Amino acid sequence: MTLSQFFSFKSSSIALLTALTITACGGGGGSAPPPPIPTSHVVNLSWTANREAAVNRAGGGYKVAISGQPVIDVPFPYAASGAAAVATLMSGTYSVTVTAYSAMNANTGIAASGVTSNSVPSAAFTITVPY
Amino acid sequence: MTFHTRSLISIILLSAAPTLHAAAFNAPAGSYAPSQVLVQFKPNLTSAMQSQTAQSIGAQSIQALATRSNWSIANLPAGQSVAQAVAAYANNPNVAAVQPNYIYHTMAVPNDPQYSQLWAAKNTGQTITAGTYAPTTGTAGDDMNLEAAWNVQTDCSSTIVAVIDSGVNYTSTDLAANMWNGGAAAPLHGWNFVGAGSNDPMDLNGHGTHVAGTIGAEGNNTIGVTGVCWKASIMAVRVMDATGAGTTSSVIQGIDYAITHGAKILNMSLGGQGPFDPAYSAAITRAQTSNVLVVVAAGNSNTNNDAAPTYPCSFTQPNLICVAALDQNYALANFSNFGATSVDVGAPGTNILSTWNGLHTTITDPLNAGWVFSSTTATAAAPSGWGYDLVNPNVMGDALTPTGSQWGFTKYNAGTDDRTYKTFNLAGTNTNVALLSVSAAANLINGDFLNANFKAIGGDPFTAGTNVFSGTNAKDGFILTPSPKFDISACISTTCSIGFQLTSTPTSLRDTGVAIANFRIDTVTLNSTAQNTINGTSMATPQVAGVAALVWSHNPMFTYADVANAIKDSGRPTPSLAGKTTTGKAVDAMRALSYINQPSGLSVVVH
């Protein structure tokens, strides 16, 4: 790994590399460095609120899909934070999309007949949760 | 809102309806029975055990629906909400599934007596009795799905739609209640930008009234037809005259007026194949910056707008939706323009019944009797002047032979003034408008003229009359065709004389003169009850403008882009539009209403 690559890491990664260096100097042996220890982080997600009336009334909401995680349902009524969700994620890289939904049936117009309307998922957003 | 045949029925879709458990229960109140849930008990549970289970959750009673399904209606105790009951049953080990007892409705059908003729709203394969475009029958289901949409939204009155057209007959009994309230500044619901302009946008053509009716003829009022919107706010912006013609200046003034006075949607069922018009384009851009959606017609030439631009359709602003016309089988109408990069969607545009501005009548003349002829030079030796063509019926010509046999074989005289005229009664039915159309084939030396004049008090119209046309320098060509028409409304009287004059210079090299054919006067007597069934992308455009008004009224926070996305992205894929439009889709009102824009602006903060 080049020096420039080191500097592109977040601060926690830089600290870990420093520790690795110290271990190598003191040990003098061939043992592999211990893997980084995943840590848990609170992640706040937010997005631009949809303007559809049906998304902003009972039966409407958002589904937040985070790779490898259960889908988070954010039903109306929304918290004061608006179009937002909170997740607790372990260190790693995740892909996130948000889909809006309503209870309006696209075939009949009758709400809540068991068929809801959904948006196309948002553009995927990649997040890196540090160690 | 009262629907004509609205009734409530409860339907249990045991196999089709997905089961909802407490975590997923978020249906809006009113969409389900408020004091019941449907419970499916696990197999082999006896009736007694079912009752015991229900009683443990507080049910007042249960009623089995079908012995083989294990579904029962559980009647909830006072104070227990459906959501609470769904949660409680879902957690009971004896329950396989539970859901609200949803309420379904019949589709919203207005009581307007001509509703069954509105195939764009509900295509049952019916015959459109006054249809002139073949076929006059179609395919059931090839429609805009309006009855479903009307379950959600019928009132567009919060969204002002400007009909930028020939005006609107705001006295129509099917439109009067849905006209924009312009207050004291615009007491007649809009403005007139034709000629000197005025505050009266009355429609002297019919086109704009037809368009307005498709958008917002009052629905469910037991009169005539219904628009896409049952309630509406229609601003009448007159930019085209009685003949259906307008100019850049009148159109852009109309656009700016509509924007300034609060219109959110502009319907522009007009267009022309001319060069790019920068002033026109700038007006569309001003609409965009004002968050105004513009819905325009593709054109009726059966041509490709990508190859031969037609404006405004071929403007590229994102607030523009260009509409092609579909027939009753959702084939592209044979007159409709198209364009894979310029035309966006299709909508019904053939055999469209809507409001009209009044009674239209036609006066034709066989050109074989009653015309007065005169010539300043004609002699037996040197014939010149007008006469009836005895070889070609219904043709009257100048420079006929002395025996009046056939136009085109004798030359008119130099230095002549040949006149003919006839008197017509145009005042028989309180006529409001009179339009003259005529064909004129001509062989005229440059500097020799054909003139057409009228005179309301009768007599020679070339003496103190009014000129409507002058043409010169033609060889084997038509210098007049039945279109355009000439507005001769100033001649409305019992003694309207209309005439033609051929003049030549004293040194004229002379030619064979002029033949007149297809003489016709169209009159309009305005009334408040007229309807008409006509064809055109002009008729498809207001279908889309109406859907846009439904969508915007239902979603008042929308931007023009949201409305445009909803209409274009949600449409019904239609084979006849594939490769012919940007979307390949026909507008579907219900899909547009239920469309949800893609979420955006996602951001993340990691703590």
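Residues numbered from 1 in each chain as written. Chains lettered and ligands numbered in written order. Predicted model: local features only at pLDDT ≥ 70, side-chain atom pairs only at ≥ 80, totals over all residues. Heavy atoms only, no water.

Participant: What am I meant to see in the overall build of chain A here?
Facilitator: Each helix and strand counted, chain A has two helices and seven strands in total. Sequence-ordered secondary structure for chain A, helices as α and strands as β, is α-α-β-β-β-β-β-β-β. Looking at chain A as a whole, 34% of its 131 residues qualify as buried. (Helix = DSSP H or I, 4+ residues; strand = E, 2+ residues; numbered from the N terminus. Buried < 20%, exposed > 50% of the residue type's maximum accessible area, 1.4 Å probe, protein only.)

Participant: Please explain the sheet that holds strand S27 (residues 600-606) of chain B as it appears in this structure.
Facilitator: Across a sheet, strands are paired by hydrogen bonds formed along the backbone, either parallel or antiparallel in direction. Pairing in this open sheet of three strands is antiparallel, and the strands run S4(A)-S1(A)-S27(B) from one edge to the other. The two strands at the open ends of the sheet, each matched to only one other strand, are strand S4 (84-90) of chain A together with S27 of chain B. Averaged over all pairs of adjacent strands, the angle between strand axes in this sheet comes to 25°, irrespective of strand direction. Sheet topology places strand S1 (residues 40-48) of chain A next to S27 of chain B; five bridges connect them, and they run antiparallel. Residue pairing for S27 of chain B: Thr48 of chain A is matched across the bridge by Ser600 of chain B. (Pairing = 2+ DSSP bridges. Axes fitted to C-alpha atoms, helices over the stretch in contact; angles between N-to-C directions.)

Participant: Where do I start with the pattern of salt bridges in this structure?
Facilitator: When the charged atoms of two side chains with opposite charge come close together, those side chains can pair. Tallied over the entire structure, the rule returns twelve salt bridges over all chains. Across the pair Asp562 of chain B and Arg51 of chain A runs a salt bridge whose closest N-O atoms are separated by 2.5 Å. With Asp562 of chain B in helix H8 (residues 560-570) and Arg51 of chain A in the loop between S1 and strand S2 (61-66), the pair connects residues from two separate chains. For Asp256 of chain B, the salt bridge identified is with Arg286 of chain B, shortest N-O distance 2.9 Å. One end of the pair, Asp256 of chain B, is in helix H5 (residues 248-260); the other, Arg286 of chain B, is in helix H6 (residues 278-289), with 30 residues separating them in the sequence. One connected set of salt bridges, linked through shared partners, spans Asp417, Arg419 and Asp460 of chain B. (Salt bridge = Lys/Arg side-chain N within 4 Å of Asp/Glu carboxyl O.)

Participant: Explanation requested: the sheet that holds strand S26 (residues 585-586) of chain B in the structure shown.
Facilitator: Residue and element names in this part refer to chain B. The nine strands are arranged S7-S8-S6-S9-S10-S11-S12-S26-S25 in an open sheet whose pairing can be described as mixed. Whereas interior strands pair on both sides, the edge strands pair on one side only; in this sheet they are strand S7 (190-192) and strand S25 (572-573). The pairing of strand S9 (residues 265-268) with strand S10 (residues 293-297) spans four bridges and is parallel. Among the inter-strand pairings, Met268 is bridged to a residue of S10, identified as Val296. Contacting strand S6 (155-165), strand S8 (231-238) and S9, helix H4 (residues 207-216) runs over the sheet at an angle of about 160° to S6. (Contact = heavy atoms within 4.5 Å.)

Participant: Sorry, what's going on with the state of the cysteines here?
Facilitator: Residue and element names in this part refer to chain B. What the rule picks out here adds up to three disulfides over all chains. Across a sulfur-sulfur distance of 2.1 Å, Cys156 and Cys229 are joined as a disulfide pair. Its S-S torsion of approximately -85° makes the covalent link between Cys156 and Cys229 left-handed. Separated by 73 residues along the polypeptide, Cys156 in strand S6 and Cys229 in the loop between H4 and S8 bring together distant segments of the chain. (Disulfide = S-S within 2.5 Å.)

Participant: Even after reading the chapter, I still don't get the nonpolar core, so can you show me in this structure?
Facilitator: Residues and elements named next belong to chain B. Ranked by internal contacts, the top residues of the largest apolar core, which has 112 residues, are Ile255, Leu266, Met268 and Leu293. Among the elements that take part in this core, helix H7 (residues 537-554) stands out by supplying ten residues, more than any other. Apart from residues no more than four positions distant in its own chain, Leu266 is found in contact with Ala162, Ile164, Ile255, Ala258, Ala287, Val292, Leu293, Val294 and Val295. (Core = buried A, V, L, I, M, F, W, Y, C linked by side-chain atoms within 4.5 Å.)

Participant: How do you make sense of the interface of chain B and chain A when you look at a structure like this?
Facilitator: One widely used convention gives an interface's size as the accessible area the parts lose upon coming together. Opposite the 37 residues of chain B that make contact, chain A presents 47 residues. Here chain B meets chain A over a buried area of about 3,300 Å², counting both sides, of which 60% is carbon and sulfur. Secondary-structure elements contributing two or more residues to the side of chain B that touches chain A are strand S5 (95-105), helix H9 (589-594) and S27 of chain B. A total of seven residues in the side of chain B that touches chain A trace back to one element, the largest contributor, which is S27 of chain B. Classifying every residue of the side of chain B that touches chain A gives 20 nonpolar, 15 polar and two charged. (Buried area = accessible area lost by both parts, 1.4 Å probe. Nonpolar A, V, L, I, M, F, W, Y, C, P; charged D, E, K, R; others polar.)

Participant: What exactly am I supposed to notice about the packing of H5 of chain B against H6 of chain B here?
Facilitator: Helix-helix packing: each pair is described by the crossing angle between the helix axes and the interaxial distance. Residues and elements named next belong to chain B. At a closest axis distance of 9 Å, the pairing of H5 and H6 adopts a crossing angle of 10°. Relative to H6, the element H5 lies roughly parallel. Judged by residue contacts, Thr248, Val251, Ile252, Ile255, Asp256 and Ile259 of H5 engage Ala279, Tyr280, Ala283, Ile284, Arg286 and Ala287 from H6. (Parallel < 35°, antiparallel > 145°, perpendicular 65-115°, else oblique.)

Participant: Would you explain the packing of H4 of chain B against H7 of chain B in this entry?
Facilitator: All names here are of chain B. Running from N to C, H4 and H7 point in directions that differ by 35°, and their axes come no closer than 8 Å. Crossing hand, H4 versus H7: right-handed. Contacts between H4 and H7 pair His207, His210, Val211, Thr214 and Ile215 from the former with Ser538, Met539, Pro542, Gln543, Ala545 and Gly546 from the latter. Residues belonging to the contact of H4 with H7 are distributed by class as follows: five nonpolar, six polar and no charged. (Left-handed = near helix turned anticlockwise from the far one by under 90°.)

Participant: It is not clear to me how the packing of aromatic side chains should be interpreted in this structure. Could you clarify?
Facilitator: Residue and element names in this part refer to chain A. Under the criterion given, the structure shown has 22 aromatic pairs over all chains. Here the aromatic rings of Trp47 and Tyr62 are separated by 5.1 Å at their centres, their planes lie at 70°, and the arrangement is edge-to-face. With Trp47 in strand S1 and Tyr62 in strand S2, this residue pair connects regions lying 15 residues apart in the sequence. A single burial state applies to Trp47 and to Tyr62, both of which are buried. If you follow Lys63 out to its NZ or CZ, it ends over the ring of Tyr101, 5.1 Å from the centre. (Phe/Tyr/Trp six-rings, centres within 6.5 Å; stacked < 30°, edge-to-face > 60°. Lys NZ or Arg CZ within 6 Å of the ring centre and 35° of its normal.)

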